[in-house]
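Architecture and fold: a report
The lines below spell out each chain.
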Amino acid sequence: MRSTTPRAALRRAAGTLAAAGLLAAGSLALSAPARAAGPVMGFGGPAETALYPYPASGGPRQASVAITVDNPSRDEAHGRFEGAYTVTFDLGGIAGVADAAFDAEGGAECEITGTTGVCRGAGLAPGTNPLPELRVSAAAGSEEGNSGTIRITGTASGATFAPFTTRVGIGGPDLVMERAPLEQELRPGRTQPFPLAFANHGTRAADGVVLTLMYTRGIEFTERYENCVYSEDDAGQGVPVWTTALCSVEGSYEAGAVYELAEPLVLRATPRAYRDTLVYRINEAGPAPHGAEGAPGARSAPGARGNVLTLKEAPAVRSSDLDPRDNQQEIDFRTANTADFVAYGDTAAGRPGSTVGADIGFRNDGPAWIGDLRSGEPVATVDFTVPEGASVTAWPTGCRGVAADGEYREEQAGAPRYVCDTSMAVREDADLALHFDLKIVEAVTGASGVVEVRNTRSRDPLLPFDPDRSNNTASLVLNAPGTGDPDAASGSTSGSAGGSGDGGSGGGTADGGSASTGSTSAGSGSTGSSGPAPQESGTGGRLAATGTGAASAAGAAAALLLAGGLLYWATGRRATR
């Protein structure tokens, strides 16, 4: 078998990984809308679906052709299309190849008459709208290698639909990834062999394969290979969370055989490991798709010394599971490690009636990164009690005002207490800053508010990964003794570095520099910034971030990368042409 270049690996892998859902949360293929008056709706779905041949006895196996309607608007408040629409499936192209029937569940009513399927519905939300799944199976009398196409069109008053075509074929490879025997309870620095193997239970050989390895930032492989392309993904966190390796190996991988790595990979838990996940997947490479060479974020392995990842045939097939979802395996690791979340506060001074800015938050002094990627839940909460004599007028998006006892409060401005959830991942070197504007209602000398970084559950405030509770709290002090006559203050003054209490690092920056004041619009922090993270008054979102490697606002999980927690499964397999 010949090796191939990282450039070729990426070119071959692009279509395959779309099917696996690892490159994007969209469909395998999308129709290309043309210009038109009014919204132009596109269709999405698998480019190809392979079916098991019609059996000698028993009923044929079904596969799903999941078609979606894409409303191009991204305006959640005003982008919904309210009109009625009709989607037509021309099934004449698969007559004699496959039988089709609609699933009863979905956002439209569908029926098939002869070789035409029709779905009728009303209202399309911005983004992706699933139709009832079309269930297809090999038709009686069909043969290995038969194939056909389904053409999908749509109509609506006030909207245009771009047509879409998907292929259905009989037979193909069925690559099944086997579960590797890996230890899951680790210590930093621990290495172990990773003896990856897969089988082909399909009806024909696979034309080359693409091995995908996805792993979170606490684990790594000790070698990188010339025929792999490596990239990083922030999973909506603003900082690298996942590393993806796409390894392309040419050759013919025969039906009924099992293959394994010529030499096992070596997996290592890094000093920053805590809770980590590894995903490994196998797909047929097939003919190379066009236009993938410039995929963003892809790069050749730095420091590769001529190593090439290769495969060999194993003596026997060890797996009998024909479920195509078994192309992929996942494993979670727990590493005996800790992180140190250090809260910091600030100091400010002002006369009654003036507004001052303050920057509070926490940093992670490591050594571990902390991520809850499976659940998508926030890692921690910053709990801020407002100093006496002050009223909050602006607060970061993602923070919410609550009553003094932590209970719900309708009015957000002027709350006695604010709680701010982090994103679902905090890097080992993150500095997460929050900027508040406070109006001085009454000049109380030395008025002090508490800044605490804690568990998201207030009744169980301990952070399970942070054994040092001594630095989880800090203070925001207004008009501290010795700061001078507050009546002489010009209005807005924020504290300088070292001005926080209880081990705080004042100013809310990674390098300990002083923070500027003011409230700006929400967004992710800039690397190496010496000012506060961008924010705005209001609710929703996550902590703003500053400093090298800081985490920014988290998206609703995974959606990016995640479906049902983290990962997307392939909805179909390559057909024989």
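Residues numbered from 1 in each chain as written. Predicted model: local features only at pLDDT ≥ 70, side-chain atom pairs only at ≥ 80, totals over all residues. Heavy atoms only, no water.

Some remarks on the sheet that holds strand β18 (residues 197-200)
Inclusion rule: Strands pair, by our definition, only if DSSP identifies at least two bridges between them. Strands are runs of DSSP state E lasting at least two residues, helices are runs of H or I lasting at least four, and both sets are numbered from the N terminus onward. To obtain an axis, a line is fitted to C-alpha atoms, over the contacting stretch when the element is a helix, and the angle between two such axes runs from 0 to 180 degrees between their N-to-C directions.
Strand order in the open sheet formed by four strands is β15-β18-β23-β27, with antiparallel pairing between adjacent strands. Each of the sheet's edge strands pairs with one partner strand only, and the pair in question is β15 (175-177) and β27 (311-313). Mean inter-strand twist for the sheet, computed between neighbouring axes without regard to direction, equals 30 degrees. Note that strand β23 (residues 258-261) and β27 share three bridges and pair antiparallel. Its bridge partner lying in β27, glutamate 260 is registered against lysine 312.

A few points about the side chain of aspartate 346
Test applied: Three labels apply to residues, based on accessible area from a 1.4 Å probe with only protein chains included: buried if under 20% of the type maximum, exposed if over 50%, partly exposed otherwise in between. Lys and Arg are tallied as positive, Asp and Glu as negative. Neither His nor the chain termini are counted. What counts as a salt bridge is simple: a side-chain nitrogen of Lys or Arg found within 4 Å of a carboxyl oxygen of Asp or Glu. We define a polar contact as two N or O atoms separated by no more than 3.5 Å, with the added condition that, inside protein, one atom must be a possible hydrogen donor and the other a possible acceptor, whereas residues neighbouring each other in sequence contribute only through side-chain atom pairs.
Within the fold, aspartate 346 resides in strand β30 (residues 346-348). Buried within the structure, aspartate 346 lacks any salt-bridge partner; its nearest side chain of opposite charge belongs to arginine 363, at an N-O separation of 13 Å. Among the polar contacts made by the side chain of aspartate 346, one reaches the main-chain amide nitrogen of aspartate 359 at a distance of 2.8 Å.

Quick notes on the pattern of salt bridges
Once the charged atoms of two side chains with opposite charge are near each other, the side chains can pair. Here the structure, examined in full by the defined rule, presents 18 salt bridges. Note that glutamate 185 is salt-bridged to arginine 334, the shortest N-O span being 3.8 Å. Here glutamate 185 is found in strand β16 (residues 185-186), whereas its partner arginine 334 is found in strand β28 (residues 328-335), with 149 residues between them in sequence. By relative accessible area, which is 54% here, glutamate 185 ends up exposed. Its relative accessible area of 43% is what places arginine 334 among the partly exposed residues. Between glutamate 428 and arginine 217 there is a salt bridge, with its nearest N and O atoms 2.7 Å apart. Pair noted here: glutamate 428 is in the loop between β37 (425-426) and β38 (431-440) and arginine 217 is in the loop between β19 (206-216) and β20 (219-221), with a separation of 211 residues, a long-range link.

Concerning the packing of aromatic side chains
How two aromatic rings sit relative to each other is given by the distance of their centres and the angle of their planes. So the rule is basically this: Working definition: rings of Phe, Tyr and Trp (its six-membered ring) pair if their centres are within 6.5 Å, and the pair is stacked with planes under 30 degrees apart, edge-to-face with planes over 60 apart, and tilted otherwise. Criterion for a charge above a ring: Lys NZ or Arg CZ within 6 Å of the ring centre, and within 35 degrees of the ring normal.
Within this structure, the stated rule accounts for 14 aromatic pairs. Centroid distance phenylalanine 89 to phenylalanine 102: 5.1 Å. Interplanar angle 80 degrees. Geometry classified as edge-to-face. Pair noted here: phenylalanine 89 is in strand β6 (residues 81-90) and phenylalanine 102 is in strand β7 (residues 98-102), with a separation of 13 residues, a long-range link. Classification of phenylalanine 102 by relative accessible area gives buried; the value is 16%. Judged by centre distance (6.0 Å) and plane angle (55 degrees), the ring pair of phenylalanine 198 and tyrosine 253 falls under tilted. Of this pair, phenylalanine 198 sits in strand β18 while tyrosine 253 sits in strand β22 (residues 242-253), and the two are 55 residues apart along the sequence. The two residues phenylalanine 198 and tyrosine 253 agree in class, both being buried. Put simply, the rings of Phe194, Tyr215, Phe221 and Tyr280 touch in pairs and so form one group of aromatic residues. For the cation-ring pair, arginine 224 lies above tyrosine 230, with the distance from its terminal atom to the ring centre recorded as 4.2 Å. We note arginine 275 situated over the ring of tyrosine 274; from NZ or CZ to the ring centre the distance is 4.1 Å.

Considering the state of the cysteines
We count it as follows: By disulfide we mean two sulfur atoms from cysteines, separated by a distance within 2.5 Å.
Evaluation of the coordinates by the stated rule reveals three disulfides. Disulfide pairing is shown between cysteine 110 and cysteine 119; the S-S distance is 2.0 Å. Taking the sign of the S-S torsion, about 115 degrees here, the bridge from cysteine 110 to cysteine 119 comes out right-handed. Here cysteine 228 pairs with cysteine 247 through a disulfide, and the sulfurs are 2.0 Å apart. Between cysteine 228 and cysteine 247, the S-S torsion sits near 110 degrees, and that sign places the bridge as right-handed. With cysteine 228 in strand β21 (residues 228-233) and cysteine 247 in strand β22, this residue pair connects regions lying 19 residues apart in the sequence. Of the two residues, cysteine 228 and cysteine 247, neither departs from the other in class, the shared state being buried. Regarding the disulfides, the protein chain carries the connectivity 1-2, 3-4, 5-6 under sequence-order numbering of its bonded cysteines.

Some thoughts on empty space enclosed by the protein
Stated precisely, the cut-off is as follows: Both site types are read off a 1 Å grid over the protein atoms alone. A 1.4 Å probe that fits but cannot get out defines a cavity, while an open set with protein on both sides within 12 Å along at least five of seven lines defines a pocket; lining residues have an atom within 4 Å of a point. Grid points are joined across faces, edges and corners, and a volume is the space filled by probe spheres set on the points.
Taken as a whole, this structure holds two cavities of 30 Å³ or more when the rule is applied. The volume enclosed by the largest cavity comes to roughly 50 Å³. Lining the largest cavity are Leu213, Tyr215, Phe221, Glu223, Tyr225, Cys228, Tyr230, Ala245, Cys247, Leu265 and Leu309. Those elements giving two or more residues to the lining of the largest cavity turn out to be β19, β21 and β22.

Observations concerning the environment of serine 354
Note that serine 354 resides in the loop between β30 and β31 (355-364). Along the primary structure serine 354 and leucine 438 are separated by 84 residues, whereas in three dimensions their C-alpha atoms are 8.4 Å apart. Looking at serine 354, its side chain comes within polar contact range of the main-chain oxygen of arginine 351, at 2.6 Å.

Describing the sheet that holds β20
Working definition: the strands of a sheet are paired by backbone hydrogen bonds and lie parallel or antiparallel to each other. Reading across the sheet, the three strands line up as β17-β24-β20 and stay open at both edges, with antiparallel pairing between neighbours. Two strands bound the open sheet, and with one partner strand each, they are β17 (191-194) and β20. The average undirected angle you get between the axes of adjacent strands in this sheet is 30 degrees. The sheet contact formed by β20 and strand β24 (residues 265-269) spans three bridges and is antiparallel. Residue pairing across strands places glutamate 220 opposite arginine 268, the latter belonging to β24.

As for the confidence of the model for the protein chain
Threshold: Known as pLDDT, the predictor's confidence for each residue is given on a scale from 0 to 100. Note on definitions: a residue-residue contact is assigned when non-hydrogen atoms from the two residues lie within 4.5 Å.
Taken as a whole, the protein chain shows an average pLDDT of 78; of its residues, 71% reach a score of 70 or greater. Confidence over residues 288-301 falls short of pLDDT 50; this stretch has 29 contacts with residues more than four positions distant or in other chains. Confidence drops under a pLDDT of 50 for residues 317-322, and excluding neighbours within four residues, the segment shows 20 contacts in the predicted structure.

Some remarks on the nonpolar core
The criterion, for reference: Nonpolar cores were defined as sets of buried Ala, Val, Leu, Ile, Met, Phe, Trp, Tyr and Cys residues, with membership established by side-chain atoms within 4.5 Å.
Residues Phe341, Ile370, Phe384, Phe436, Leu438 and Phe465 are the most contacted members of the largest nonpolar core, which totals 37 residues. Where this core is concerned, the elements lending two or more residues are β29 (341-344), β31, β33 (381-385), β34 (390-394), β36 (417-421), β38, β39 (447-454) and β40 (473-478). No other element matches β38, which puts five residues into this core. Not counting the four nearest positions on each side in its chain, phenylalanine 384 is found in contact with Ile360, Pro416, Arg417, Tyr418, Phe436, Leu438, Val450, Val451 and Leu476. By size, the runner-up hydrophobic cluster in this structure holds 36 residues, among which are Leu175, Leu186, Val209 and Ile219.

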